[in-house]
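Observations on chain architecture
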Amino acid sequence: MTPQTIDEAARALFAARANRVRIRNVPDDCQASSIDDAYQIQDRLIDLIGQQVYGWKIGATSQKARDFVGIKDASLRARLLADNCFEHPADLRDHFFFMRAVECEFAFTLGVDLPAGEAPYDQETVVASVDSMHPAIEISDSRYLDWTSVGGPALVADNCNDGAFVRGAKVEQWRNTDLNSHAVTLFVNDEHVASGSGGEVITGPLGVLVWLANELAVRGMGLHAGQVVTTGSCTGVVVAQPGDRIRADFGKFGKVELCF
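Here goes a summary of the coordinates provided. (Residues numbered from 1 in each chain as written. Predicted model: local features only at pLDDT ≥ 70, side-chain atom pairs only at ≥ 80, totals over all residues. Heavy atoms only, no water.)

1. Describing the layout of surface pockets
To find the voids left in a structure, one rolls a probe of water-molecule size over its atoms. For the record, the criterion: Here a cavity denotes a set of grid points, spaced 1 Å apart and computed over the protein atoms alone, in which a 1.4 Å probe fits but from which it cannot get out, and a pocket denotes an open set meeting protein on both sides within 12 Å along at least five of seven lines; residues with an atom within 4 Å of a point are reported as lining. Grid points are joined across faces, edges and corners, and a volume is the space filled by probe spheres set on the points. Counting from the N terminus, the helices are the DSSP runs of H or I reaching at least four residues and the strands are the DSSP runs of E reaching at least two. Only Asp, Glu, Lys and Arg are considered charged in this grouping, and only Ala, Val, Leu, Ile, Met, Phe, Trp, Tyr, Cys and Pro are considered nonpolar; every other residue, Gly among them, is considered polar.
Of the voids in this model, the largest pocket is the one considered here, and its volume is about 690 Å³. In terms of lining, the largest pocket is formed by 30 residues, of which the most central are Ala60, Ser62, Ala65, Glu103 and Val237. Going through the elements one at a time, β1 (53–59), α3 (63–69), β5 (101–110), β6 (130–140), β9 (191–197) and β10 (228–233) are the ones with two or more residues in the lining of the largest pocket. The element that contributes the greatest number of residues to the lining of the largest pocket is α3, accounting for four residues. Taken together, the residues that form the lining of the largest pocket break down as 13 nonpolar, 11 polar and six charged. What the second largest pocket holds in volume is close to 370 Å³. Lining of the second largest pocket is provided by 17 residues; of these, Arg17, Asn84, His95, Phe96 and Arg143 occupy positions nearest its centre. Listing elements by their share of the lining of the second largest pocket, those giving two or more residues are α1 (3–19) and β7 (162–167). Considering each element in turn, the lining of the second largest pocket owes the most residues, four residues, to α1. Among the residues forming the lining of the second largest pocket, the class breakdown is seven nonpolar, four polar and six charged.

Printed below as a string of structure tokens:
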């Protein structure tokens, strides 16, 4: 792609967000044909939005999700934008969504930088960089009329369906727990609708955190102290409706609640 077509694609996605409208796709002559092209569009879109980056989200962390978006062997990354990030309990009744796709996730707040120049990182180094773990809920949204059909590069270009993020209370004593086997339960209006564990995430929550640190380093970027990384759904995706009350129960790690 050329700088011009990257800019045109990003501006089309930015206009959809600004005007709160859905689009079929960006114009045909500036659609991303690869994930690398898509990340360039995402970078430009973030520039246009102009919000502070709160952290990162990791998507396509299960084989089912990868097959769905046509990605074979890698996760996807996108920014968490500060204006869309909240602390538990969160009242999102005035927050605009096209859809409300709820995912229960383990999130991590970094205590030190993981700069590009010190990669590659192993799990021991990455875990040592974490200040705290948090139970969390991510809400996916989309600016596409049919996000299920546009394909992986288009989703990446639109910042991987970012909608909102709710971070639960800080958990400091978590390192001796196997997150892959730790149960998570999702309730909608007090009705049990989904269950899972950290093992739903390929390589587990910590494994994809290591992947992100090295993925950013390859591109000359890094993770920074204070940033939050959310690591993929433990319970699949549940689409909520306006007025729904959501509760994610992480057992000994606490709960995360929000209302739409």
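2. A closer look at helix α2 (residues 35–49)
Under the convention used in this document: To estimate the expected span of a helix, subtract one from its residue number and multiply by 1.5 Å. Partly exposed describes any residue whose relative accessible area lies between the buried limit of under 20% and the exposed limit of over 50%, with all areas from a 1.4 Å probe on protein chains only and scaled to the type maximum. Whether two residues touch is decided by their heavy atoms; if any such pair falls within 4.5 Å, the residues are in contact.
With 15 residues, α2 should cover 21 Å at 1.5 Å per step; its first-to-last C-alpha distance of 21 Å lies within 8% of that length. For α2, the full list of buried residues reads Asp37, Ala38, Tyr39, Ile41, Gln42, Leu45, Ile46, Leu48 and Ile49. Residues of α2 that are buried make contact with α1, β1, β2 (76–81), α5 (152–157) and α6 (204–218). Trailing α2 by a residue or two, glycine 50 shows a phi angle of about 75°, which is positive.

3. Some details on empty space enclosed by the protein
Using the criterion set out here, one finds one cavity of 30 Å³ or more in the structure. Quantified by volume, the largest cavity comes out at close to 50 Å³. Lining the largest cavity, in full, are Arg79, Leu80, Leu81, Asn84, Cys85, Asp162, Gly163, Ala164 and Phe165. Those elements that place two or more of their residues in the lining of the largest cavity are β2 and β7. If one sorts the elements of the lining of the largest cavity by residue count, β7 sits on top with four residues.

4. Let's talk about the packing of α1 against α2
Quick note on the threshold: Every axis in this analysis is a line fitted to C-alpha atoms, fitted for helices over the stretch in contact. Angles between the N-to-C directions lie between 0 and 180 degrees. Convention used here: angles under 35 degrees read as roughly parallel, angles over 145 as roughly antiparallel, angles from 65 to 115 as roughly perpendicular, and any remaining angle as oblique. If you view the pair so one helix is near and one far, a crossing is left-handed when the near helix is turned anticlockwise from the far one by less than a right angle, and right-handed when it is turned clockwise.
Axis separation between α1 and α2 bottoms out at 8 Å; the angle between their running directions is 50°. When the interaxial angle is binned, α1 and α2 end up oblique. Like other packed secondary-structure pairs, α1 and α2 cross with a definite hand, here right-handed. Contacts between α1 and α2 involve Ile6, Asp7, Ala9, Ala10, Arg11, Leu13, Phe14 and Arg17 on the former and, on the latter, Gln40, Ile41, Arg44, Leu45, Leu48 and Ile49.

5. Examining the pattern of salt bridges
Using the following cut-off: Salt bridge, as applied in this entry: a Lys or Arg side-chain nitrogen positioned within 4 Å of an Asp or Glu carboxyl oxygen.
Inspection of the entire model under this criterion finds 18 salt bridges. A salt bridge links arginine 79 to aspartate 43, with the nearest nitrogen and oxygen atoms 2.8 Å apart. Of this pair, arginine 79 sits in strand β2 while aspartate 43 sits in helix α2; the two residues are 36 residues apart in sequence, bridging distant segments of the chain. The network of salt bridges with shared partners includes Arg17, Arg143, Asp158 and Asp162.

6. Section: the sheet that holds strand β4 (residues 90–91)
Which entries qualify depends on this criterion: Paired strands are those between which DSSP finds at least two bridges.
Reading across from one edge, β4-β13-β12-β8-β9 is the order of the five strands in this open sheet, with mixed pairing throughout. Single-partner strands in this sheet number two, and they are β4 and β9. As paired elements, β4 and strand β13 (residues 255–259) share two bridges and run parallel to each other. Its bridge partner being in β13, aspartate 91 is matched across the sheet by cysteine 259.

7. Concerning the environment of aspartate 29
Mapped onto the secondary structure, aspartate 29 falls in the loop between α1 and α2. What makes aspartate 29 exposed here is its relative accessible area of 60%. Sequence separation of aspartate 29 and leucine 206 is 177 residues, and the distance between their C-alpha atoms is 39 Å. If sequence neighbours within four positions are ignored, aspartate 29 has contacts with Thr5 and Glu8.

Keep in mind that these numbers describe shape and distance, not what the molecule does.
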